[in-house]
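Summary of structural features
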Amino acid sequence: MNLENIVKQINTWYPKNNLPIPINQPTINEKDINSITDTLNENWVSTAGPIINEFEEQLKSEFDQKEVVAVNSGTSALHLSLLGLGISQDDQIITTPLTFVAPLNAIKYVGAYPFFIDISQKDLSLDINLLNQYAEINFVQKGKFTFDIKTNKKVKALLSVDVFGHIGDIEEYRKFCDKYGLKLIVDSAESLGSKRNGNTSAKFSDITTTSFNGNKIITTGAGGAIVSKDEDFLNKVRHLATTANTETESHSYFHDLVGYNYRLPALNASLGLSQLSILDKKIMEYREIHKQYSNLVNKVEDIEIFEETKGAKSNYWLNLIMFKETISQDEKIKFLKELNKIGIGARNVWNVLHQLPFIDRKHLLKYPIAESIFHRGFNLPTSSLIIDAKN
Ligand SMILES: Cc1ncc(COP(=O)(O)O)c(C=O)c1O
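First, a word on what this report is: a plain description of the structure on this page. Note that the structure is a prediction, hence the values are computed from the model and not measured. (Residues numbered from 1 in each chain as written. Predicted model: local features only at pLDDT ≥ 70, side-chain atom pairs only at ≥ 80, totals over all residues. Heavy atoms only, no water.)

Considerations on the pairing of strand β13 (residues 319-323)
For β13, the tally of buried residues reaches five of five residues, placing the bulk of the element in the interior. Burial of β13 is two-sided: the residues Asn 319, Ile 321 and Phe 323 facing one way and the residues Leu 320 and Met 322 facing the other way are all buried. Sheet analysis places strand β11 (residues 303-305) next to β13, joined by three bridges and oriented antiparallel. Bridge pairing in β13 links Ile 303 to Phe 323. Looking at chain direction, β13 and strand β15 (residues 377-380) are connected through four bridges and run antiparallel. Each residue of the ladder has a partner; that of Asn 319, found in β15, is Leu 380. (Buried < 20%, exposed > 50% of the residue type's maximum accessible area, 1.4 Å probe, protein only. Helix = DSSP H or I, 4+ residues; strand = E, 2+ residues; numbered from the N terminus. Pairing = 2+ DSSP bridges.)

If you want it as structure tokens, here you go:
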């Protein structure tokens, strides 16, 4: 495999006047600037103001859910979700080894135990067959709780992540969670607008979180949201996110719980509101960019591209390109450095989470698929209109 040659070929894919190309850049237009200016002119800059409610209302219809709480990051959305469910010390959460570290961090923030199951090659999310096999052998019911006899912990939730925009086997996860009395949380930070069999992951989850970080398909600068059908749960989350003050109506301060300052500021909400109007267009653009990448990657002998599974309509937030054969991390990093040197913002796939130093290795299983994608994979930029269509 000649890496220099692959760099040269990839270099021909981008219009030279567009370099450098970040991995993913926001699309900011006049409407966004006016929306923020209006909010500034009205003096709503912090975590109060009508624009936050307006943004939440729009998000409700986007997710087709009863309640939404807008918060200041995708990470705080995940943290609040676990707090709101009352997940605490030593509760077990089943999750994926291949994702950005935020969901794992949230599990650790509440002192819970992350239990990793390998992913499926077809959608990059938890492999439902492995999940069922493991549960059949190791899960027992004690009263109203499910225990894992191997780890000796109470299993409370399945936290699935829609990786690079691809929704996992969500209908099967729902059945699994119903069977074992678990909550289904989906981290949809990367999959806003994606569908599987015509549905968003929120249709089947108990809780869905998302992120509006600057590198996501639409942005509030920094921000996130939690959506759910359960209004009581989301009222609790809203309360926790606003320092758990019970006396706001009387303009006083009394906090009945340890609360958090996690609400989304109005300035960010005003950007989010205008950004929502371009979501459909961005999805179309990203899917077109993916099509172009597919054509180009398929002409290069040593690499391949990940394609969405049957029935899925991904937002293709990031394109996953993989070497057909395993290469060493050293070689891959050298390759990525070469691409970045010529202005192509390529990046590595996240290190698999079960190998991070703060993970308890006692109950790890085998993770060949996640590890193979980590070893072989990298991402190329999805910044809008980057690829020269003439190629
Ligand atoms: C899958 C996933 N979950 C959570 C997050 C965290 O979101 P934020 O950066 O808004 O905290 C990100 C990325 O940023 C992500 O990719």
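A short note on the site of the ligand
Inspection of the region around the ligand gives 16 residues, with Gly 74, Thr 75, Asp 187, Glu 190 and Ser 211 positioned closest. Contacts to the ligand include Thr 75, whose side-chain N or O atom sits 2.6 Å from an oxygen atom. Here a nitrogen atom of the ligand and a side-chain polar atom of Asp 187 are 2.5 Å apart. When the ligand sits alone it has 380 Å² of accessible area, and the protein chains cover 90% of it. Given that more than half its atoms are within 2 Å of the pocket grid, the ligand belongs to the second largest pocket. Breaking the shell around the ligand down by element, the ones donating at least two residues are α4 (74-84) and α5 (102-109). Per-element tally for the shell around the ligand: the top contributor is α4, with three residues. Split by residue class, the shell around the ligand holds six nonpolar, seven polar and three charged. (Near = heavy atom within 4 Å. Polar contact = N/O pair within 3.5 Å; in protein donor to acceptor, adjacent residues only side chain to side chain. Areas by Shrake-Rupley, 256 points an atom, 1.4 Å probe, with all protein chains shown as cover. 1 Å grid on protein atoms, 1.4 Å probe; cavity = no way out; pocket = protein on both sides within 12 Å on 5 of 7 lines; lining within 4 Å. Sits in = over half its atoms within 2 Å of the grid points. Nonpolar A, V, L, I, M, F, W, Y, C, P; charged D, E, K, R; others polar.)

Regarding the sheet that holds β15
If you walk across this open sheet you meet the four strands as β11-β13-β15-β14, and the pairing is antiparallel. Each edge of the open sheet carries a strand with a single partner, namely β11 and β14 (347-348). Pairing analysis gives two bridges linking β14 to β15, with the strands arranged antiparallel. Residue pairing across strands places Arg 347 opposite Asn 379, the latter belonging to β15.

Notes on the packing of α4 against α5
At their nearest, the axes of α4 and α5 sit 9 Å apart, and the two run at 40 degrees to each other. For the element pair α4 / α5, the angle class is oblique. Remark: the crossing between α4 and α5 carries right-handed chirality. Here Thr 75, Leu 78, His 79 and Leu 82 of α4 come into contact with α5, specifically with Ala 102, Pro 103, Ala 106, Ile 107 and Tyr 109. Partitioned by chemical class, the residues of the contact of α4 with α5 number seven nonpolar, two polar and no charged. (Axes fitted to C-alpha atoms, helices over the stretch in contact; angles between N-to-C directions. Parallel < 35°, antiparallel > 145°, perpendicular 65-115°, else oblique. Left-handed = near helix turned anticlockwise from the far one by under 90°. Contact = heavy atoms within 4.5 Å.)

A few points about the layout of surface pockets
By volume, the largest pocket is sized at about 380 Å³. In terms of lining residues, the largest pocket is bounded by 16 residues, among which Glu 62, Gly 193, Lys 195, Gly 198 and Thr 200 are the most central. When contributions to the lining of the largest pocket are tallied by element, the ones reaching two or more residues are α3 (50-63) and α10 (279-297). For the lining of the largest pocket, the leading source of residues is α10, giving four residues. Per-class residue counts for the lining of the largest pocket are three nonpolar, five polar and eight charged. Residue-level mapping places the lining of the largest pocket at the junction of two domains, with at least three residues from each of domain 1 (3-27 + 279-380) and domain 2 (30-276). (Points joined across faces, edges and corners; volume = space filled by probe spheres on them. Domains from an automatic or database assignment.)

Side note on the packing of aromatic side chains
Going through the model one piece at a time under the given rule, you end up with 13 aromatic pairs. Measuring from ring centre to ring centre gives 4.7 Å for Phe 164 and Trp 350, while their planes differ by 15 degrees; the resulting arrangement is stacked. One end of the pair, Phe 164, is in the loop between β6 (153-161) and α7 (170-180); the other, Trp 350, is in the loop between β14 and α12 (368-376), with 186 residues separating them in the sequence. Accessibility expressed as a relative area gives 0% for Phe 164, which makes it buried. Judged by its relative accessible area of 12%, Trp 350 falls in the buried class. Between Phe 335 and Phe 378 the ring centres are 5.1 Å apart and the planes differ by 75 degrees, which places this aromatic pair in the edge-to-face class. Here Phe 335 is found in helix α11 (residues 329-341), whereas its partner Phe 378 is found in strand β15, with 43 residues between them in sequence. A relative accessible area of 2% means that Phe 335 is categorised as buried. The class for Phe 378 is buried, based on a relative accessible area of 0%. Members of the aromatic cluster, connected to one another through ring pairs, are Phe 115, Tyr 134, Phe 139, Phe 176 and Tyr 180. Taking NZ or CZ as reference, Lys 142 lies 4.6 Å from the ring centre of Phe 147, over its face. (Phe/Tyr/Trp six-rings, centres within 6.5 Å; stacked < 30°, edge-to-face > 60°. Lys NZ or Arg CZ within 6 Å of the ring centre and 35° of its normal.)

Concerning the environment of Val 227
Mapped onto the fold, Val 227 is located in strand β10 (residues 224-228). With a relative accessible area of 1%, Val 227 lands in the buried category. A sequence separation of 21 residues divides Val 227 from Asp 206, and the C-alpha atoms of the two residues are 8.6 Å apart. In contact with Val 227, not counting residues within four places along its chain, are Phe 63, Gln 65, Glu 67, Val 68, Ala 202, Asp 206, Ile 207, Thr 208 and Leu 234.

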